[in-house]
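Topology and contacts: notes
Given next are the chains, with one letter for each unit.
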Amino acid sequence: MPAEGGKTDMERIGLFSEMEYITVGDKYVSQFNRPFNESASKNRQILPGGSKEMSNLQAGYFDPHFVRIFEGESYVNPNQVRRRYMMEEAKKNLSKAFLPSNGEKKPCGLGSYYGTIGGPVPFFSAQSKPKEKYEPPGKNLYTNPGKKGTGYGYANITIGKQFSHSSDLYDAAKLNNKKENEEHRRLLKGTAFKLNLYPREYFDTNPYMSEKPLPPIKKVEKKETVGNPFKPSSPGKKAGGMKAGTFDPYPSHSADPYVVKLKSLSSKSAKVFHPPGGPKSRPIESIMALNVKRALNTKNYKTASVQSY
């Protein structure tokens, strides 16, 4: 652009000529005005022609023509094979096919023997055979019908006879008790026994007193009982830091003086303790990614819809 005073930018910079461009003779185009992929906007691009779907047509396969599974196999026509077999079987006939001298006879009705070879069979004739005179058997056992009624308040319903009515006196218990008392008094031979030693209650002051010496006291012999088998009071103790598994109690402390012993770390054999490293982490795939891989695969990625996920 010419500036004020009639000089161009190149004359003011002081260069002999303009710097060359990277491309051959192309003018500078700003990156805001040029396309993102310049080669893709020129000439014809790759045209795949769309995706093919499996079908019964040849267009659904990769090969231009149908390829056989087995090369050189022969086509077998089942009708042709059946005809050849019939022709080979017909050559085995020595003469023409057998034809009966007369046509077959058709029966004229149900039970008719017309058209049969042997004729009527006497066993199947409809004529009745002579039979003996029918004598009816004797009569069966006759019984009376069951008597109606529930049993309570109805007479002559049971199997046996009806019970006869017997009168019962009103004071039968009182009269029987009176007869028993009279029979008891009749059997008594005297008055009741009475003691004439009143006011004493017993014949002697001490009814259990006896002048005979008492027998010696018997000592009860105790039988020696065999004790039960020995059973420990508790299961065996396990060894621990407090000496609980030993027979003797915890040993007493020795009388050694308490002296603190310090270990020198200046020796070369002593090493500093380094804890072992913990478990190292491994790359773990998320559950969402696993579900996506299971639901979407190479077989259903065409038919699967975005809304189902």
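So, how was this worked out
- Residues numbered from 1 in each chain as written.
- Predicted model: local features only at pLDDT ≥ 70, side-chain atom pairs only at ≥ 80, totals over all residues.
- Heavy atoms only, no water.
- Helix = DSSP H or I, 4+ residues; strand = E, 2+ residues; numbered from the N terminus.
- Buried < 20%, exposed > 50% of the residue type's maximum accessible area, 1.4 Å probe, protein only.
- Contact = heavy atoms within 4.5 Å.
- Areas by Shrake-Rupley, 256 points an atom, 1.4 Å probe, with all protein chains shown as cover.
- Patch = residues over 30% accessible without salt bridge, like charges linked within 9 Å, V, L, I, M, F, W, Y side chains within 5 Å.
- Salt bridge = Lys/Arg side-chain N within 4 Å of Asp/Glu carboxyl O.

It is worth spelling out the overall build of the protein at this point. Scanning the protein for helices and strands turns up 4 helices and 0 strands. Start at the N end of the protein and walk to the C end: the helices and strands fall as α-α-α-α. Burial analysis of the protein (309 residues in total) assigns 0% to the buried set. A separation threshold of at least 6 residues defines the contact pool for the protein, and within that pool the share at least 24 residues apart is 2%. Carbon and sulfur atoms form 58% of the exposed surface of the protein, whose accessible area is close to 35,900 Å².

For the rest of this paragraph, the subject is a nonpolar patch on the surface. Residues Tyr113, Val121, Phe123 and Phe124 make up a contiguous nonpolar surface patch of roughly 450 Å² in combined accessible area. Topologically, Phe123 is positioned in the loop between helix H2 (78-90) and helix H3 (172-187). Judged by its relative accessible area of 65%, Phe123 falls in the exposed class.

Tallying each qualifying case throughout the model produces 2 salt bridges. Put simply, Lys92 and Glu89 hold a salt bridge, and the shortest N to O gap is 3.5 Å. The class for Glu89 is partly exposed, based on a relative accessible area of 31%. In this structure, Arg186 engages Glu183 in a salt bridge whose closest nitrogen and oxygen atoms are separated by 2.3 Å. In this pair, Arg186 and Glu183 are both assigned in helix H3, 3 residues apart and thus about one turn of the helix distant. A relative accessible area of 36% places Glu183 in the partly exposed class.

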